[in-house]
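What follows is the residue order along each chain.
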Amino acid sequence: MVTFENNSWSSSYEKIEIFNSKFIYDNLYTGESVETGHQKNLHSFIIGSTGVELTRDIIDIDSLIKNIGTQITNQKNEIASKINGYDFDEFIALINSENIDSTIKQIEKDIEIQSRKDQIAKKQELDLIQITLPKFEVLGELLGQSYANISKLAEEKIRVHASENCNGKIHKFIQEGLKVYNGKTCPFCGQNATANELLKYYQDYFNLAYQEYRERINSSLKDIAGSIENQRFAGINLTDSKNQQLHEYWQEIISELPHLEKNVQFIHDNLQKVEAYIIADISLKKENILDSLQANKEIEFFLDQVVEELAKYNLAVKKINEQIKIQKENAKQGNLSVLTQKKKESELTKLRHNDETVIAMCINYKYLNEEKKRLANEKILKRKALDQYCDAFMSEFKDELNKQLERFGAGYRIMSSVLDYKGGQPKVDYKLEINRCEVPLRASKSYVPSFKNTLSEGDKTTLAFAFFVCKLKKSPDISEKIIVVDDPITSLDFFRITQTVAELNRLAVKARQTFLFTHNEILAKKFYDVAIKNNYDFYELEIKASCLRRLDIDSITSIDYFKNYSILDNYLNGSYDGEEISVARCVRPLLEGYLRVRFPKDFKSDKWLGDFIGIIRQSNNVTLSNLFTELDDLNEYSKRFHHEDGGVEPIDSNELRGFVSRTLNFLSI
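Nothing here was measured: the structure is a model prediction, and the numbers come from that model. (Residues numbered from 1 in each chain as written. Predicted model: local features only at pLDDT ≥ 70, side-chain atom pairs only at ≥ 80, totals over all residues. Heavy atoms only, no water.)

Some points on the overall build of the protein
Okay, step 1: Within the protein, the regular secondary structure consists of 26 helices and ten strands.
Okay, step 2: Across the 669 residues of the protein, 38% fall into the buried class.
Okay, step 3: Sequence separation of 24 or more characterises 71% of the internal contacts of the protein that already satisfy a separation of 6 or more.
Okay, step 4: When the accessible area of the protein is evaluated, it comes to approximately 38200 Å², of which 48% is carbon and sulfur surface. (Helix = DSSP H or I, 4+ residues; strand = E, 2+ residues; numbered from the N terminus. Buried < 20%, exposed > 50% of the residue type's maximum accessible area, 1.4 Å probe, protein only. Contact = heavy atoms within 4.5 Å. Areas by Shrake-Rupley, 256 points an atom, 1.4 Å probe, with all protein chains shown as cover.)

Here's the deal with the pattern of salt bridges
Okay, step 1: Applying the stated criterion across every chain yields a total of 25 salt bridges.
Okay, step 2: The residue glutamate 371 makes a salt bridge to arginine 374 at a minimum N-O spacing of 2.6 Å. Of the two residues, glutamate 371 and arginine 374 both sit in helix α15 (residues 356–407), three residues apart, roughly one turn of that helix.
Okay, step 3: Salt-bridge contacts for glutamate 503 lead to arginine 506; the nearest nitrogen and oxygen are separated by 2.9 Å. Within this pair, glutamate 503 and its partner arginine 506 are both found in helix α18 (residues 494–510), separated by three residues, close to a single helical turn.
Okay, step 4: A residue is classified by how much of its surface remains accessible, and glutamate 503, at 0% relative accessible area, is buried.
Okay, step 5: The class for arginine 506 is partly exposed, based on a relative accessible area of 40%.
Okay, step 6: One continuous salt-bridge network, built from bridges that share partners, spans Lys15, Glu17, Lys471, Asp477, Glu480 and Lys481. (Salt bridge = Lys/Arg side-chain N within 4 Å of Asp/Glu carboxyl O.)

Details of a nonpolar patch on the surface
Okay, step 1: A surface patch of nonpolar side chains, amounting to about 330 Å² of accessible area, comprises Val2, Phe4 and Trp9.
Okay, step 2: Among the secondary structure elements, tryptophan 9 is positioned in strand β2 (residues 8–9). (Patch = residues over 30% accessible without salt bridge, like charges linked within 9 Å, V, L, I, M, F, W, Y side chains within 5 Å.)

Description of a negative patch on the surface
Okay, step 1: Where like charges cluster on the molecular surface, the negative patch consists of Glu137, Glu300, Asp304 and Glu308.
Okay, step 2: Take the negative patch: its biggest share by element is three residues, from helix α13 (residues 297–333).
Okay, step 3: Mapped onto the secondary structure, glutamate 300 falls in helix α13. (Lys, Arg positive; Asp, Glu negative; His and termini not counted. Charge placed at Lys NZ, Arg CZ, Asp CG, Glu CD.)

Quick notes on helix α24 (residues 609–618)
Okay, step 1: Buried within α24 are the following residues: Leu609, Phe612, Ile613 and Ile616. Summarising the axial view, the buried residues of α24 lie within an arc of 100°, below the 170-degree limit, and thus occupy one face. Exposed side of α24, more than 90 degrees from the buried face: Arg617 and Gln618 are the residues found there.
Okay, step 2: On its buried face, α24 is in contact with α23 (587–598) and α25 (622–638). (Arc of directions from axis to C-beta.)

Quick look at the packing of aromatic side chains
Okay, step 1: Summed over all chains, the structure comprises 18 aromatic pairs.
Okay, step 2: Ring plane angle 20° and centroid distance 6.1 Å describe the contact between phenylalanine 397 and phenylalanine 467, whose orientation is recorded as stacked. Separated by 70 residues along the polypeptide, phenylalanine 397 in helix α15 and phenylalanine 467 in helix α17 (residues 457–473) bring together distant segments of the chain.
Okay, step 3: Taking 6.3 Å as the distance between ring centres and 20° as the angle between the ring planes, the aromatic pair formed by phenylalanine 465 and phenylalanine 468 counts as stacked. Separated by three residues within a single helix, phenylalanine 465 and phenylalanine 468 lie in helix α17, roughly one turn from each other. Residues phenylalanine 465 and phenylalanine 468 agree in their burial class; the two are buried.
Okay, step 4: The structure contains a cluster of three or more aromatic residues connected by ring pairs, namely Phe19, Phe23, Phe408, Phe465 and Phe468.
Okay, step 5: The lysine or arginine in question, lysine 123, covers the ring of tyrosine 249, its NZ or CZ lying 4.6 Å from the ring centre.
Okay, step 6: Just above the ring of tyrosine 571 sits the side chain of arginine 657; from NZ or CZ to the centre is 5.0 Å. (Phe/Tyr/Trp six-rings, centres within 6.5 Å; stacked < 30°, edge-to-face > 60°. Lys NZ or Arg CZ within 6 Å of the ring centre and 35° of its normal.)

Looking at the sheet that holds strand β8 (residues 513–517)
Neighbouring strands of a sheet are bound in pairs by backbone hydrogen bonds; such pairs are parallel or else antiparallel.
Okay, step 1: Pairing is parallel across the open sheet formed by three strands, whose spatial order is β3-β7-β8. On the outer flanks of this sheet lie β3 (16–19) and β8, each paired with one strand and no other. Averaged over all adjacent pairs, the angle separating strand axes in this sheet is 10°, with direction ignored.
Okay, step 2: Alignment of strand β7 (residues 482–486) against β8, held across five bridges, turns out to be parallel. Residue pairing across strands places valine 485 opposite leucine 516, the latter belonging to β8.
Okay, step 3: Against the sheet, α17 touches β3 and β7, its axis set at about 165° to β3. (Pairing = 2+ DSSP bridges. Axes fitted to C-alpha atoms, helices over the stretch in contact; angles between N-to-C directions.)

Regarding the environment of aspartate 240
Okay, step 1: Examined against the element boundaries, aspartate 240 turns out to sit in helix α11 (residues 208–251).
Okay, step 2: For the pair formed by aspartate 240 and valine 264, sequence separation is 24 residues and the distance between their alpha carbons is 7.3 Å.
Okay, step 3: With residues near it in sequence (within four places) discarded, aspartate 240 still touches Val264 and Tyr313.

Observations regarding the side chain of lysine 379
Okay, step 1: For lysine 379, the location among the structural elements is in helix α15.
Okay, step 2: You can call lysine 379 buried: its relative accessible area is 16%.
Okay, step 3: Non-local contacts of lysine 379, meaning those with residues more than four positions away in its chain, are made with Ile58, Ile61, Asp62 and Ile65.

Observations regarding helix α26 (residues 653–666)
Okay, step 1: Helix length check: α26, at 14 residues, gives a terminal C-alpha distance of 20 Å against a target of 20 Å (1.5 Å per residue), a fit within 8%.
Okay, step 2: Among all positions in α26, only Leu656, Phe659, Val660, Thr663, Leu664 and Phe666 are buried. Within α26, the buried residues cover an arc of 155° as seen down the axis, which keeps them to one side.
Okay, step 3: Its buried side turned inward, α26 meets α21 (560–572), α22 (580–584), α23 and α25.
Okay, step 4: The distance from a side-chain oxygen at the start of α26 to the backbone nitrogen of asparagine 654 is 2.9 Å, and the residue carrying that oxygen is aspartate 652. (Expected span 1.5 Å × (residues − 1). Polar contact = N/O pair within 3.5 Å; in protein donor to acceptor, adjacent residues only side chain to side chain.)

Thoughts on the side chain of glutamine 327
Okay, step 1: On the secondary structure map, glutamine 327 appears in helix α13.
Okay, step 2: Excluding anything up to four places from it in sequence, glutamine 327 contacts Ile113, Ile253 and Ile254.

Some details on the environment of isoleucine 497
Okay, step 1: Within the fold, isoleucine 497 resides in helix α18.
Okay, step 2: Spatially, the C-alpha atom of isoleucine 497 lies 9.9 Å from that of asparagine 520, the residues being 23 residues apart in sequence.

Notes on the pairing of strand β5 (residues 427–434)
Okay, step 1: Inspection of the sheet shows β5 paired to strand β6 (residues 437–439) by three bridges, in the antiparallel sense. The partner of isoleucine 434 across the bridge, within β6, is cysteine 437.
Okay, step 2: Between the antiparallel neighbours β5 and β6 lie two residues, among them asparagine 435 with a positive phi of about 55°.

A word on the environment of leucine 664
Okay, step 1: Within the element layout of this structure, leucine 664 appears in helix α26.
Okay, step 2: Along the sequence, leucine 664 and leucine 591 sit 73 residues apart, while their C-alpha atoms lie 9.1 Å from each other.
Okay, step 3: Residues within four places of leucine 664 in sequence aside, it is in contact with Tyr565, Leu568, Asp569, Leu572 and Leu590.

The following block contains the structure:
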């Protein structure tokens, strides 16, 4: 139990539902307008604890999303301040590179190259080493030749003669003997040569063919040896020296330029060996010009070595030149602005993945976005759950609400109701139907029908109270609720007051406790009568001088309308002991009070019964016209006892009893 002692409550109690002007202004309308805030509050009110919990979850998630959104914006701005206008999303997506420093260096080199592209276009490529090497087969062929036209006999006799008489100087004998021969004796040994057939052989040996043979052999061998020496210096050394210089130039431009073989010295040395062996073979051939000799096998071995190394060298030159061609083409097609942009991207890549501060900021930025995405997905699931709950709940609620409005005699109904999530927090958007016409809550123009200009104050109060009642009827925990209703019948007619009492009675039966605050004695009396009838445990209290005290509802309601009603009712049942003139004078004010309550728009407080009859006589209202005859009779009777001059006609008790009965019956029409 919650008690109020020492100006404070003993504990709080959340399950309290209050209907008052604040409820109306918070959930339905303020003044004449329905605003978005009213729709949001109404949604929270009518959907119950399950819906409220789902809605609160959605609102909390929205709040978290907004908070994270602010953090994301701040983090993004902080990162953006470091990237100098570069596209933010592209910066975040930059992929790490392990060799970023090398990449930046290469781009810087490319930029430098681009600035020197005209010079690069003109710079020559490396040259191949192109030399003519002697063929071992050709050398062997030359060394193997002999003078075939010299007969073997002549050669043998000359060889024997030279060996025996000329100290073996056969070649000197053959080459120089003819020049010094005097026609009689041998120039070397002095023997008589006139009759010697050796002279014939000797002369044959020195014929023109031999001279050509000898010269050809000597010339060819000399050319071979000379060409090797010349090519060693001009063809190899000079070309390689030039290539080395070009290679150094291109290495500054091409970072991964292939290696240029350093085997020229090896080639040079092997050619020297080839040259030495060839010279040795030539010398031997000169001494044995008539002999068929074989070339030294070392010449072939070292020639193969030279060929192999030259192939390696020239292959390296070709690969280098391929890179040079590509570089020249790239320089030709290159774009300085593109390279500058690449350099910027590479520098930003290094910043993105190497700067610890930036790395931390980017990790946080990604985390915040992932968290925002997670919350957004969670919000979607919560909203889906809320939609499913509300679709079922609102459909039933709308049907019950329209039944409630029908019980109140409202001339309108709820046509449609939907959930609207614009602005984050869900709200109820509903439309009214009046005379089969759709009426929205708001209209863009004042003359267009809307909530503001179609419902009376009584209609609006009825709608608010209908929402309140329906929500409580659908509350599964209504037995735990305390209901507080503060003056619910503002601007209501007599019928709606009666229905209000009926609805309050239905709620009071189910609720834990019900409080009714009102200034209307009729409402208080009617609810009091219901409480008495149902044996409620209740108290009637009133506030006087800021203090609560027990209220005698019978005494209060006996004034005016209820007092007049009681006098007539007591007169008929014989329990009235007063004067009959007092009974007769109660008829007119009772009728006036009744008509004012039943038809408040037609009968104002400054008009009296005679005025009412005049209004009815001129009215086209069928209901009022049906009352005219009886009311006119009652008026004609009652006005006899309200003369201003104070005169009073004699009263006939039977006549009075008849008119009192007719008056009370009139109240039931």
